[in-house]
Every structure is written in C-alpha cells, then in structure tokens.
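Given next are the chains, with one letter for each unit.
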Amino acid sequence: MIKRVQSDTILKSAGQVPVVTLLGPRQAGKTTLVKELFSDYTYVNLEDMAARELAEKDYIGFFKKYPEPMIIDEIQRVPELLSAIQVKVDENRRQNGRFILTGSHQPGLREAVAQSLAGRTTIHTLFPLSVEELRLCGKMKEVDESLIRGFMPELYLDQVRDPDVYYRDYLDTYVEKDLRQMIAVKNLNLFLRFLTLLAGRVGQVVNLSSMAGEVGVSSTTLGEWLSVLEDSFIVFRLQPYFSNISKRITKSPKVYFVEPGLASYLLGIETARQASRDPLRGSLFENMVVLEALKCRLNDNKTPNLFYMRTEKGVEVDLILKKEGMLFPFEIKSSMTPNKEYAKNMKLFCNAEPNAGPMSVIYCGDDYDSYEGCRYLNYSELAETLRE
C-alpha cells in the first residue's frame, strides 16, 4: 500500500478531538486509509442499505449494533446522524478519537459537519495521490504518462485497469450515482458537454456567459453546475490575488480538475505520446502542478492560501503561495529547458509587492538554484519547496 502523507496528521487529530472527519472525492483512498489507521474500530458503511435504514429510523439501535469507537463511511448518506453523534460526544467530551467519519460528493456536507460538530471535530480533505507520495514509494511515472493516468490510487495497483476505461466508469458512476442526487439535470448530455468544455479550458478564467451558448443553457444554470462540480470534488477554483501591481486585475477564479487524468479523458487523450503532442499539454501540466500544491497544503492540514494573479495588460503569475506574511510566486512551464522569459512577470510582481518572496519556476527539467535571478525546480520537488 502507498503510504499517505496525511496519515500522521489524521492520527494526531484523533488524539485531540472526539470526531475526525475525512472528506474528498470518491475512490481517492479515504476508506482504505482510515481502515488502516484505525484497524481496531467498528466499521460501518452507510452505502449498505440495511445500515443506512437503521441509522435513519433508529439511531439508538444503530449505535448499539455498531459500538464505539467506530468508523462511519459515507456519512453524507445520512447527514441527520451528525446530530446524534453530537449528543453522544457531549455525554463525554474528554474522550477523543471516538468517531471517524468519511464523506464525498455532497454539497453542503462540510458546512453540515462544521455546524453540527463545532468544537468537536477536525475536518481533513484527502485528494488522490500526490506526486510526492508516488515519488517516495517509487511509483512515479513520466510526466506525460502521469497526465493520462492521473493519481487515483486504484490506477497504481499491480493489476491495474487502463486509464480510459477507469475514467469512463468513474464518470458514469459520478453522473448516475451522485449527480442525480444533487441536482435535477434534465439533459445529462448538456451537463457532460459543459464538463468537457471545462476540460478544454483548464487553467483558464471561465466565462460562463460565453459558454452558455455553446452548452445551450443559461449562465445561471452553468454557475449552479460549476458549484456542484466543486462541492463534489470534480473541479477546484483557484482564486485571484488582489495585488498592488495594478488596480485593473482579473477578479474571477481559474478552474482546474481535481483529477488531471479525468480532464485528459474528457479531451480524448489516451496515450502518453498523444499527451506529449497535444496543444493543451501545458495547461494539463499546470493543472497537475497546481493540484500538487493544493494536495501538499491539505496533506499538512494547512489552509491552502494559494492564488494566481493576472492584469488586463497580460501580466500573469501562475501560482502564489501566501505563507507567514510572504507572497511566493511560481511560474509553471512544461518545458525542460530554462528560459529567462519565464521570470518576466514574476519580476514585475516582486517589484510591486514589498512582501514578495523568492521567484521559482516549476518545470520538467533539472534543478537550478539560480538562473537569471530565479530558482528552477523539477515539479516532483514542489511539495518539499512549499514546506521550506
């Protein structure tokens, strides 16, 4: 099994609070991880119809059948159970690590957990495998293979499915099992068209008004769909940083896929060779790097504090980490060769921002401590760099 970086922080939380909540996409490895970390706990999965009905109709009987300490998988299936857990926790607030909850694909679940279990739980988010985790266990792939394979744990087992088959089934499951529970989509083909268009605009500021005509629904509907996609861990929105560099800056977020492999599948990219030649290779690589930064922050149980910046004059910084009062700019390039032009916009940013930290280019080549006043780092070392 691939060791998850987040393991230690989850175990630490279990020693500090009565309830640990682990949220994230389906098949990202939540169940496998909590079963390994808390192997002596009672386990119940609310996808099981009998367990779900018992929890819904007789929560007292539910807790008698499944004694503490316990893992409750897929808590979003019976959100009403959160109130019952609150009551049980309050009976003995000094005992920690009593409940381990997991959840996925449910808008408002994080808010429901935070409200019902305020002061009683720590919420962690587990995304698919990180580049760091794959590198540490020796299963890291070449960059173009990573773009199509993605980072779902199942795709790194010994008996692995083809990525295109996996993501086809994953998408079918999401649409059929989860989407229908969250929103009323009259025409699933239109929703899938929207999702495919988002894949073609990965790493861009999405203009929903212009996309409305392409999809055939209103921009308001697209906004609702985008929120559901984000709440269910399909996409991630990177917010803009409001910089002193110019008052005329882009104020809309950029959209990335939580699983780059799904974006590649939607774009019809099936092989590493095809990925290496695709016009969107740079955007997909940027998606992978931005998500690696997000995973690193979440794995360390930190607020992401990740942004980008773009002015109307075309000055853009791909990624900005706000940490300890400093702003660290990153340029992301899929090239293997340093180029002095890569640091051009970051220099403008650093000249305008008094709290700007050292500039870094994340790319596919070798490390250079300094090239034209800028540090160059291979993307596989991003997590270590963010922790420095």
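Here the structure is a predicted model, which means the values were calculated and not measured. (Residues numbered from 1 in each chain as written. Predicted model: local features only at pLDDT ≥ 70, side-chain atom pairs only at ≥ 80, totals over all residues. Heavy atoms only, no water.)

## Comments concerning the packing of aromatic side chains
Inspection of the entire model under this criterion finds 13 aromatic pairs. Between Phe 63 and Phe 99, the ring centres sit 6.0 Å apart and the planes meet at 75°, which makes this aromatic pair edge-to-face. Of this pair, Phe 63 sits in helix H4 (residues 59-65) while Phe 99 sits in strand E4 (residues 99-103), and the two are 36 residues apart along the sequence. Consider the rings of Phe 127 and Phe 233, whose centres lie 6.1 Å apart with planes at 75°: the pair is edge-to-face. Remark: Phe 233 occurs in the loop between helix H12 (219-231) and strand E6 (235-238) and Phe 127 occurs in the loop between strand E5 (121-125) and helix H7 (131-136); sequence separation between them is 106 residues. Its relative accessible area of 15% is what places Phe 233 among the buried residues. Through a chain of ring-to-ring contacts, three or more aromatic side chains come together here, namely Phe 62, Phe 63, Tyr 66 and Phe 99. The aromatic ring of Tyr 43 is capped on one face by Lys 35, whose charged end is 4.1 Å from the ring centroid. Note that Lys 295 overlies the ring of Phe 151, its terminal NZ or CZ placed 4.4 Å from the centroid. (Phe/Tyr/Trp six-rings, centres within 6.5 Å; stacked < 30°, edge-to-face > 60°. Helix = DSSP H or I, 4+ residues; strand = E, 2+ residues; numbered from the N terminus. Buried < 20%, exposed > 50% of the residue type's maximum accessible area, 1.4 Å probe, protein only. Lys NZ or Arg CZ within 6 Å of the ring centre and 35° of its normal.)

## Some points on the environment of Pro 18
Inspection of the secondary structure puts Pro 18 in the loop between helix H1 (7-14) and strand E1 (19-23). When the C-alpha positions of Pro 18 and Asp 90 are compared, they lie 9.4 Å apart, and in sequence the two are 72 residues distant. Sequence-distant contacts of Pro 18, defined by excluding residues within four places in its chain, comprise Val 89, Arg 93, Gln 95, Asn 96, Gly 97, Arg 98, Phe 99 and Arg 120. (Contact = heavy atoms within 4.5 Å.)

## Considering the sheet that holds strand E13 (residues 374-378)
Reading across the sheet, the six strands line up as E8-E9-E10-E11-E13-E12 and stay open at both edges, with mixed pairing between neighbours. At either end of the open sheet lies a strand with only one pairing partner, and these are strand E8 (306-310) and strand E12 (368-371). The sheet shows a mean angle of 35° between the axes of neighbouring strands, taken without regard to direction. Two strands pair when backbone bridges link them, and E8 and strand E9 (residues 316-323) are joined in this way by four bridges, in the antiparallel orientation. The partner of Phe 307 across the bridge, within E9, is Ile 320. Helix-sheet contacts for helix H16 (residues 344-352) involve E8, E9, strand E10 (326-332), strand E11 (360-363) and E13, and the interaxial angle to E10 is about 170°. (Pairing = 2+ DSSP bridges. Axes fitted to C-alpha atoms, helices over the stretch in contact; angles between N-to-C directions.)

## Examining empty space enclosed by the protein
The final tally for this structure, using the stated rule, is four cavities of 30 Å³ or more. The computed volume of the largest cavity comes to approximately 50 Å³. As for the largest cavity, its lining consists of Ile 148, Pro 163, Asp 164, Tyr 167, Gly 261, Ser 264, Tyr 265, Ile 269 and Glu 270. Contributions of two or more residues to the lining of the largest cavity are made by helix H9 (163-182) and helix H13 (260-266). Residues belonging to the lining of the largest cavity are distributed by class as follows: five nonpolar, two polar and two charged. (1 Å grid on protein atoms, 1.4 Å probe; cavity = no way out; pocket = protein on both sides within 12 Å on 5 of 7 lines; lining within 4 Å. Points joined across faces, edges and corners; volume = space filled by probe spheres on them. Nonpolar A, V, L, I, M, F, W, Y, C, P; charged D, E, K, R; others polar.)

## Focus: the sheet that holds E4
Across the sheet, which stays open at both edges, the five strands sit in the order E2-E3-E4-E1-E5 with parallel pairing between neighbours. The sheet is open, and its two edges are formed by strand E2 (42-45) and E5, each paired on a single side. The sheet shows a mean angle of 15° between the axes of neighbouring strands, taken without regard to direction. Relative to E4, helix H5 (residues 81-91) is tilted by about 165°, and along the sheet it contacts E1, strand E3 (70-73) and E4.

## Comments concerning the side chain of Arg 281
The residue Arg 281 is located in helix H15 (residues 281-299) in this model. A relative accessible area of 15% places Arg 281 in the buried class. Looking at Arg 281, its side chain comes within polar contact range of the side chain of Asp 144, at 2.7 Å. At 3.3 Å, the side chain of Arg 281 and the backbone oxygen of Ser 334 are in polar contact. Excluding residues within four positions of it along the chain, Arg 281 makes contact with Val 143, Asp 144, Leu 147, Ala 275, Ser 276 and Ser 334. (Polar contact = N/O pair within 3.5 Å; in protein donor to acceptor, adjacent residues only side chain to side chain.)

## Quick look at the nonpolar core
By size, the foremost hydrophobic cluster in this structure holds 102 residues, and its most contacted members are Phe 62, Ile 72, Leu 81, Phe 194 and Phe 257. Discounting residues that sit within four places of it in the chain, Phe 194 has contacts with Leu 208, Met 211, Val 215, Leu 222, Trp 225, Leu 226 and Leu 229. Within the second largest apolar cluster, 17 residues are counted, among which are Leu 327, Ala 343, Ala 356 and Tyr 363. (Core = buried A, V, L, I, M, F, W, Y, C linked by side-chain atoms within 4.5 Å.)

## Brief notes about the packing of H5 against helix H6 (residues 109-116)
Interhelical geometry of H5 versus H6 gives an angle of 25° and a closest axis separation of 9 Å. By the angle between their axes, H5 is roughly parallel relative to H6. Crossing angle aside, the handedness with which H5 passes H6 is right-handed. For the pair H5 and H6, the contacting residues are Leu 82, Ser 83 and Gln 86 in the first and Ala 112, Val 113 and Ser 116 in the second. Considered class by class, the residues forming the contact of H5 with H6 number three nonpolar, three polar and no charged. (Parallel < 35°, antiparallel > 145°, perpendicular 65-115°, else oblique. Left-handed = near helix turned anticlockwise from the far one by under 90°.)

## Section: the layout of surface pockets
When its volume is computed, the largest pocket comes out at roughly 640 Å³. Around the largest pocket sit 31 residues that line it, and Arg 110, Thr 125, Glu 230, Phe 233 and Phe 236 are the ones nearest its centre. Looking at the lining of the largest pocket, the elements that each hand over two or more residues are H6, E5, H12, E6, H15 and E8. It is E6 that contributes the most residues to the lining of the largest pocket, four residues altogether. Looking at side-chain class alone, the lining of the largest pocket contains 14 nonpolar, 10 polar and seven charged residues. Counted as a void, the second largest pocket has a volume near 480 Å³.

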